Amino acid sequence: MAAMIRRGFTLVEVLLVVLIITILSVAGFGGIIRLQQNAEANEIQSEIIDMINLSRSYALNGKQLKKCGETDGAVVLPRAFGVKIDASSKKLYLFADQKDPQNEFDECEILKVYPSSDLSFSQHLTIEDSLNGLTWESAMLLYAPPFADFSFLTDTTNLDLSHQITVNIFQNADVQNNEDSLPLKQLTFSTRLGIPQ
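Draft legend 1. Just the overall build of the protein, in detail. Counting its regular elements, the protein contains 2 helices and 11 strands. Secondary structure of the protein in N-to-C order comes out as α-β-β-β-β-β-β-β-β-β-β-α-β. The long-range share in the protein, meaning contacts at least 24 apart out of those at least 6 apart in sequence, stands at 57%. Working note: accessible area of the protein is about 11900 Å², and carbon and sulfur atoms make up 56% of it.

The following block contains the structure:
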């Protein structure tokens, strides 16, 4: 009998290899998506901290800016520098308040917007007082010159100095599918100190 020379692979072997490659690809793709979400959450957290530090620095250094609506080059020391975290529009604003803050500011008072385009970030933010069980859609952290005196305004009230504020950064699907999901990142600070911990 002549020996049969085997060349190539059987159909079962090929299908098994394709199945293994598919399983590994799906598992790796999920990891890549989670890595991307964590990177965006880190970027949002870093941007909030950078804006807070910049507004405190401007207040401490007495940074003067061009007066809103003036064309003659007049400068003014703003009443306060601040950061607005707007969970509903998914935007962060660094601004110089030249008037009385009532959770709003003029377009000319905005120093920086994150993200800078018309887009918003894909993560979901919540702003809450972890000690008293309060939540808000937006919050403003204000630092007034010359000593960077801190105040915290929400969309409903100006808080006194006894609150522990937490900004939670969730993946959008986590919040929609499960109210008990853990945030990707948390940024916590006391309204007494006004700086992230």
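Draft legend 2. Here's a closer look at the sheet that holds strand β4 (residues 91-97). The strand order β5-β4-β3-β8-β9 describes an open sheet built from 5 strands, whose pairing is antiparallel. Lying at the two open borders of the sheet, with one neighbouring strand each, are β5 (110-114) and β9 (149-154). Each adjacent strand pair in this sheet contributes to an overall mean axis angle of 15°, direction not counted. In this sheet, β5 lies alongside β4 in antiparallel orientation, the contact comprising 4 bridges. Considered in β5, the bridge of phenylalanine 95 is made with isoleucine 110.

Draft legend 3. Just the sheet that holds strand β7 (residues 134-136), in detail. Judged by pairing direction, the sheet is antiparallel, and its 4 strands sit side by side in the order β7-β6-β10-β11 without closing on themselves. The outermost strands of the open sheet, each flanked by one partner alone, are β7 and β11 (185-190). Looking at each pair of strands side by side, their axes are set apart by 25° on average, direction ignored. Pairing of strand β6 (residues 123-129) with β7 involves 3 bridges; the strand directions are antiparallel. Looking at the pairing, glutamate 128 lines up with threonine 135 of β7. The sheet strands contacting helix α1 (residues 11-61) are β6, β10 (164-171) and β11, and the helix crosses β11 at an angle near 20°.

Draft legend 4. Inspection of the side chain of serine 55 at higher detail. Take serine 55: it is sitting in helix α1. Residue serine 55 is classed as buried on the basis of its relative accessible area of 0%. Once residues within four sequence positions are removed from consideration, serine 55 is found in contact with Phe81, Gly82, Val83, Leu94 and Tyr143.

Draft legend 5. The nonpolar core, seen in detail. Among the nonpolar cores identified, the biggest contains 32 residues, and Ile48, Ile85, Leu92, Leu125, Leu141 and Phe152 are the most heavily contacted of them. Broken down by element, this core gets its largest block of residues, 7 residues, from α1. Excluding anything up to four places from it in sequence, isoleucine 48 contacts Ile85, Leu92, Val167 and Leu187. The next biggest cluster of nonpolar side chains, apart from the first, holds 7 residues, and it includes Ala80, Tyr93, Phe95 and Met140.

Draft legend 6. A nonpolar patch on the surface, seen in detail. Together, Leu16, Leu19, Ile20, Ile23 and Leu24 make up an exposed nonpolar region whose accessible area comes to about 510 Å². Note that leucine 19 resides in helix α1.

Draft legend 7. Molecular detail of α1. With 51 residues, α1 extends 74 Å between its outermost C-alpha atoms, agreeing within 8% with the 75 Å of an ideal straight helix rising 1.5 Å per residue. Every buried residue of α1 is listed here: Gln37, Glu40, Ala41, Ile44, Gln45, Glu47, Ile48, Met51, Ile52, Ser55, Tyr58 and Ala59. Just past α1, the residue glycine 62 takes up positive phi, approximately 65°.

Reading the values: rules and limits
- Residues numbered from 1 in each chain as written.
- Predicted model: local features only at pLDDT ≥ 70, side-chain atom pairs only at ≥ 80, totals over all residues.
- Heavy atoms only, no water.
- Helix = DSSP H or I, 4+ residues; strand = E, 2+ residues; numbered from the N terminus.
- Contact = heavy atoms within 4.5 Å.
- Areas by Shrake-Rupley, 256 points an atom, 1.4 Å probe, with all protein chains shown as cover.
- Pairing = 2+ DSSP bridges.
- Axes fitted to C-alpha atoms, helices over the stretch in contact; angles between N-to-C directions.
- Buried < 20%, exposed > 50% of the residue type's maximum accessible area, 1.4 Å probe, protein only.
- Core = buried A, V, L, I, M, F, W, Y, C linked by side-chain atoms within 4.5 Å.
- Patch = residues over 30% accessible without salt bridge, like charges linked within 9 Å, V, L, I, M, F, W, Y side chains within 5 Å.
- Salt bridge = Lys/Arg side-chain N within 4 Å of Asp/Glu carboxyl O.
- Expected span 1.5 Å × (residues − 1).

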